[in-house]
Number of protein chains: 2
Amino acid sequence: MNTRPSPRTVSIGLAGLGNVGAGVVKNLERNRDLIIQRTGCDLRVRRVLVRDPARARDVALPAEALTQRWQDLVEDPQLQIVVELIGGTSTAYDLICAALRAGKVVVTGNKALLAERGQELFALAEQCGVPIFFEAAVAGGIPIIQVLQEGLVGNRILSIHGIINGTCNYILTRMAQAGLSYQEALGEAQQKGYAEADPTLDVSGWDAAHKAIILASLSYGFWIEQSCVRVQGIESIDPLDFKFAARLGYVIKLLSVIRADEQGLVEVRTEPTLLPQGHVLASVSGSYNAVLVNGDVVGETLFYGRGAGQDPTSSSVISDLCEAAMIQAGTLRHSGFVPHGLYGRSKPAGETLSCYYLRLQVDDVPGVLAQVAAQLGRLEIGISSVIQPEDLEDSSGCTPLVLMLDAAPLARMHEALRALEALPCVRAAPSWMRVERLQA
Amino acid sequence: MNTRPSPRTVSIGLAGLGNVGAGVVKNLERNRDLIIQRTGCDLRVRRVLVRDPARARDVALPAEALTQRWQDLVEDPQLQIVVELIGGTSTAYDLICAALRAGKVVVTGNKALLAERGQELFALAEQCGVPIFFEAAVAGGIPIIQVLQEGLVGNRILSIHGIINGTCNYILTRMAQAGLSYQEALGEAQQKGYAEADPTLDVSGWDAAHKAIILASLSYGFWIEQSCVRVQGIESIDPLDFKFAARLGYVIKLLSVIRADEQGLVEVRTEPTLLPQGHVLASVSGSYNAVLVNGDVVGETLFYGRGAGQDPTSSSVISDLCEAAMIQAGTLRHSGFVPHGLYGRSKPAGETLSCYYLRLQVDDVPGVLAQVAAQLGRLEIGISSVIQPEDLEDSSGCTPLVLMLDAAPLARMHEALRALEALPCVRAAPSWMRVERLQA
């Protein structure tokens, strides 16, 4: 079990208790034990900036933790980390600057602020000697910032192609697949919580463009000017264009493209784009995000996952919080294996459950299936389908019998295989494989 | 430009100058400037352990750098990092233990060694106070180790499904798509360099199983015992089974599955498995790898890229080397934006080149296409295809004319759009979008 020193408590000031903020509080609580084991830190949200302290909320926080003054997060010397999830570019800017000056590590998911004033903010962070973490600013739960900063650090980035706005992708997917108009698809997205009441920032393409500016700046080492970025929204796409695109072999996606030419000129654009139907990005549908990075050493790599929403985005905020906490507590472990005593032990292979594919070579005589089914039934292994193709009989009068079997423990399946092989009507060792019934 | 202090030189001892080792030397050289800017470190390979110093090689290293004694890498006090790329579990084990005891950070890509003796090695690393990095041990260029250790640190891992052996995936892809026998597909893989002369470790499933053991151990916080892992190779799959699988709606992949049940029992398996045709893992073909991670907070995320080969694997080794170097040189910067002066500047949007999709509403009279083509020709914009669907004429006698245009700068496309809109035969503002001709 755990033989480590007792965890260091790290105190967090959280600005914003909306969808993502509440997810951070909830998921920190849910996986507290695991996070303590992995980081050596006990992360505690002590102070929360909210607009309306009286509002009912589904996260449990003491009333005295709530405040309407952002300065409270900065002035409290107990707080070591400030998380900015209020959005916008005015109060958020003031808060982050003040927090950095007070020596607090900053975690933010504010893509608009970083795209507009990242250069200033990171210069200030450097000057104050405290980092800004911003994994949640791009592509929700996909750790693409870390991938660019660390995993691909030895690569010159040749290009990035991203579907990085789940709202637009949901709307375009519904227009393409269900033939909805833009207004109908938007209404549906709003109803399902994939689009805001005021969807302008998303559907105008600017949310994705802000993310593209951040990815491009990280890749190319200078802050991209917004004025050089081409941005086009999805509001005026005619349903007719989906039909013509399909006829030509394409789908329509809001695609962000970042690439450098041979002279080092960097192009950053976000706009509805025709993509070949067979391309991996063409199959990214609904509210999912995907980022395809082409590095000069690694080649093409793709990162895919939910791009928005309470849980995925809070996963990224918590990842940043863990690193920030380890820095503040001095428990930052460099790479290596971190054991923890929270999950049990290995499951013996014989106890693992699976569905199975089974192919037998059998005599082509009546009653064979009944004999096979009897052996399986005796071991309580269900049969979900049977194929006995008549066109595949070989010259010896032997035919394949293919069965799909319901879930059974591996040890029992082995027993069934022995029993089947012993049947006189079964000619050869059975051929069998696991079936993994993953959702498509 | 760059105003940072001059880089700290970090000296590396490299064990193994095979395919990946040579890639590390080559790619460190290729992106030296970029790595210096991003890490503050100048990484120099000073000593290289080789089997035969006399062999001709395509990487430029001074003859005196080569040695046949592994102890030379450990005893040289100048070397700060030891990279182990010799494989196997005997000399590699001795070398890593000695390097850790000598206080050198270790980077390794040795999955077999970690799967067998990871527990001991990480305990020794902890005791010696130096880390072991091993990104290259699993899934080549995909930074999956880092993702599990950092990006998803706040997640309880529910399951991992991985296609993590490129050799097997290439062979199975060819058997499925070209109807080859196992022996034919293996021969082709060997000829193309996707399989070794002795392919046993790959085709037996053990290479993938070693990787699965590492991923499972990282996810669940204890070292998985090899004896609890079910491993089945691909050698005995009958081409007939691909046909039946297809008829049932499945493909066959060598799939590694890691998952914990509700009692915390962890199942780790690698075996040929039927996967539904529509699932994202079913479309991972050839020598590519993919890892699908399901975390309790983030949901499903997928990481995809080349799983083996000189360049992808060296990308991961170099990523580890950069972190190791920053630790040894004391230049480890925590997250933030790292500017560098190596790439030029933003490309103005008007200069960016694209192909275009263009839909015009035109009068249904003769000569319309000629007028449109003349305007495009005047601006040197080529037409790659034209569709004028006769079934879509509306009641006003107006029909759509759809054109696919060759690459042109955006500014010139804007000029063409203005010219087309001014034509009397063009009824409404043209509808147009970019076309991204990505390879499928």
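Because the structure is predicted, anything quoted here is derived from the model rather than measured.

### Let's talk about the overall build of chain A
Move 1: Assigned secondary structure in chain A consists of 14 helices and 17 strands.
Move 2: For chain A, the spread of C-alpha atoms along the principal axes amounts to about 85 × 60 × 45 Å.
Move 3: Going through the 440 residues of chain A one by one, you find that 52% of them count as buried.
Move 4: Within chain A, contacts between residues separated by at least 24 positions form 76% of all contacts whose residues are at least 6 apart in sequence.

### Concerning the relation of the copies chain B and chain A
Move 1: Once chain B is rotated about the relating axis by 180° and shifted along it by 0.0 Å, it coincides with chain A to within an RMSD of 0.0 Å. Such values leave the two copies arranged in the relation of a two-fold axis. No C-alpha of chain B lies nearer the rotation axis than that of phenylalanine 303 of chain B, which sits 2.4 Å from it.
Move 2: A shared interface surface links the copies, since 100% of the contact residues of chain B are contact residues in chain A too.

### Considering the packing of helix H4 (residues 91-101) of chain B against helix H5 (residues 111-128) of chain B
Two measures define how a pair of helices packs: the angle their axes make with one another and the distance between the axes.
Residues and elements named next belong to chain B.
Move 1: Where H4 contacts H5, the two axes come as close as 10 Å, and the packing angle between them is 15°. In terms of orientation, H4 lies roughly parallel with respect to H5. Between H4 and H5 lies a crossing of right-handed hand. Packed against H4, whose contacting residues are Ala92, Tyr93, Ile96, Cys97, Leu100 and Arg101, the element H5 presents Leu113, Arg117, Leu121, Leu124, Ala125 and Cys128 at the interface.
Move 2: Classifying every residue of the contact of H4 with H5 by side-chain character gives 10 nonpolar, no polar and two charged.

### Describing the sheet that holds strand E2 (residues 41-49) of chain A
Residue and element names in this part refer to chain A.
Move 1: Strands sit in the order E3-E2-E1-E4-E5-E6 across an open sheet of six strands; the sheet is parallel. At either margin of the open sheet sits one strand with a lone partner, and together these are strand E3 (66-67) and strand E6 (132-133).
Move 2: Here strand E1 (residues 8-15) pairs with E2 via eight bridges, running parallel. The residue of E2 that forms the bridge with leucine 14 is valine 48.

### Thoughts on the interface of chain B and chain A
Move 1: Contact with chain B, which involves 115 residues of that partner, is made by 115 residues of chain A.
Move 2: Split into classes, the residues belonging to the side of chain B that touches chain A amount to 60 nonpolar, 34 polar and 21 charged.

### Looking at the nonpolar core
Move 1: In this structure, Ile81, Val83 and Leu321 of chain A together with Ile81, Val83 and Leu321 of chain B are the most contacted members of the largest nonpolar core, which totals 286 residues.
Move 2: If sequence neighbours within four positions are ignored, leucine 321 of chain A has contacts with Ile12, Leu43, Ile81, Val83 and Val107 of chain A.

### Focus: helix H14 (residues 410-422) of chain A
Along an α-helix, residues three or four apart share an orientation, since each turn contains 3.6 residues.
Residues and elements named next belong to chain A.
Move 1: Between the first and last C-alpha of H14 there are 19 Å, a value that for 13 residues agrees with the 18 Å anticipated at 1.5 Å per step.
Move 2: Those residues of H14 that fall on the buried side of the exposure criterion are Met413, Ala416 and Leu420. Buried residues of H14, seen end-on, are gathered within an arc of 55° and therefore sit on one face of the element. Of the exposed residues in H14, the ones pointing more than 90 degrees away from its buried face are Arg418 and Ala422.
Move 3: Buried residues belonging to H14 abut strand E14 (353-363), helix H13 (368-378) and strand E16 (398-409).

### Re the pairing of strand E14 (residues 353-363) of chain B
Move 1: Bridging between E14 of chain B and strand E16 (residues 398-409) of chain B involves 10 bridges; their strand directions are antiparallel. Among the inter-strand pairings, glutamine 361 of chain B is bridged to a residue of E16 of chain B, identified as proline 400 of chain B.

### A few points about the domain arrangement of chain A
A common way to state how big an interface is: give the accessible area lost once the parts meet.
Move 1: The domains assigned to chain A are domain 1 (8-139 + 312-329), domain 2 (144-307) and domain 3 (349-435).
Move 2: Domain 2 of chain A and domain 3 of chain A are separated by 48 Å when their C-alpha centres are compared.

### Describing helix H1 (residues 19-30) of chain A
Move 1: The end-to-end C-alpha distance of H1 of chain A, which contains 12 residues, comes to 16 Å, matching closely the 16 Å that a straight helix rising 1.5 Å per residue would cover.
Move 2: Burial in H1 of chain A covers these residues: Val20, Gly21, Ala22, Gly23, Val24, Val25, Asn27 and Leu28 of chain A.

### Focus on unusual backbone geometry
Move 1: Look at alanine 139 of chain A: it is not a glycine, yet its phi comes out positive at around 65°.
Move 2: Along the chain, alanine 139 of chain A falls in the loop between E6 and helix H6 (144-151).
Move 3: Despite not being glycine, glutamate 380 of chain B shows a phi value in the positive range, around 60°.
Move 4: As for its placement among the helices and strands, glutamate 380 of chain B is situated in the loop between helix H13 (368-378) and strand E15 (383-387).

### Quick look at the confidence of the model for chain A
Move 1: Per-residue pLDDT for chain A has a mean of 92; in total, 95% of the residues score no lower than 70.
Move 2: Predicted as a complex, the structure gets a pTM of 0.91 and an ipTM equal to 0.91.

### Quick notes on the sheet that holds strand E1 (residues 8-15) of chain B
Residues and elements named next belong to chain B.
Move 1: Taking strand neighbours across the sheet as the criterion, the six strands line up as E3-E2-E1-E4-E5-E6 in an open arrangement whose pairing is parallel. Edge positions in the sheet fall to strand E3 (66-67) and strand E6 (132-133), since each of these pairs with one other strand and no more.
Move 2: Most of the contacts of helix H12 (residues 310-329) go to strand E5 (residues 105-108), to which it runs at about 175°, and overall it touches E1, strand E2 (41-49), strand E4 (81-84), E5 and E6.

### Examining the pairing of strand E7 (residues 157-163) of chain B
Residue and element names in this part refer to chain B.
Move 1: Among the seven residues that make up E7, five are buried, leaving the element largely enclosed by the rest of the structure.
Move 2: Relative to strand E11 (residues 288-295), E7 is paired through six bridges, and the arrangement is antiparallel. Counterpart to glycine 162 in the pairing with E11 is valine 291.
Move 3: Sheet topology places E7 next to strand E9 (residues 250-260); four bridges connect them, and they run antiparallel. Considered in E9, the bridge of histidine 161 is made with valine 257.

### Details of the environment of arginine 101 of chain A
Residues and elements named next belong to chain A.
Move 1: In this structure, arginine 101 sits in helix H4 (residues 91-101).
Move 2: Here arginine 101 falls in the partly exposed class, since 13 other C-beta atoms lie within 10 Å of it.
Move 3: Measuring from C-alpha to C-alpha, the distance between arginine 101 and isoleucine 171 comes to 42 Å, with 70 residues separating the pair along the chain.

### Description of the packing of helix H5 (residues 111-128) of chain A against helix H10 (residues 206-220) of chain A
Residues and elements named next belong to chain A.
Move 1: Put simply, H5 and H10 touch, their axes get as near as 8 Å, and they point 50° apart. Our classification of the angle between H5 and H10 gives oblique. In the crossing of H5 with H10, the sense of the turn from one axis to the other is left-handed. The segment H5 lies against H10, with Lys111, Ala112, Leu114, Ala115 and Gly118 engaging Asp207, His210, Lys211, Ile213, Ile214 and Ser217.
Move 2: Tallied by class, residues from the contact of H5 with H10 come to five nonpolar, three polar and three charged.

### Some remarks on the environment of phenylalanine 337 of chain A
Move 1: Looking at the element boundaries, phenylalanine 337 of chain A is found in the loop between helix H12 (310-329) and strand E13 (345-346).
Move 2: Distance in space between the C-alpha atoms of phenylalanine 337 of chain A and arginine 38 of chain A is 9.7 Å, their sequence separation being 299 residues.
Move 3: If near-sequence neighbours (up to four positions away) are discounted, phenylalanine 337 of chain A is found in contact with Gly118, Phe122, Ser217 and Leu218 of chain B.

Reading guide: rules and limits
Residues numbered from 1 in each chain as written. Chains lettered and ligands numbered in written order. Predicted model: local features only at pLDDT ≥ 70, side-chain atom pairs only at ≥ 80, totals over all residues. Helix = DSSP H or I, 4+ residues; strand = E, 2+ residues; numbered from the N terminus. Buried ≥ 20, exposed ≤ 12 C-beta atoms within 10 Å, placed from the backbone. Contact = placed C-beta atoms within 7 Å. Least-squares fit on C-alpha atoms with pLDDT ≥ 70 in both. Axes fitted to C-alpha atoms, helices over the stretch in contact; angles between N-to-C directions. Parallel < 35°, antiparallel > 145°, perpendicular 65-115°, else oblique. Left-handed = near helix turned anticlockwise from the far one by under 90°. Nonpolar A, V, L, I, M, F, W, Y, C, P; charged D, E, K, R; others polar. Pairing = 2+ DSSP bridges. Core = buried A, V, L, I, M, F, W, Y, C linked by C-beta atoms within 7 Å. Expected span 1.5 Å × (residues − 1). Arc of directions from axis to C-beta. Domains from an automatic or database assignment. pLDDT = per-residue confidence, 0-100.

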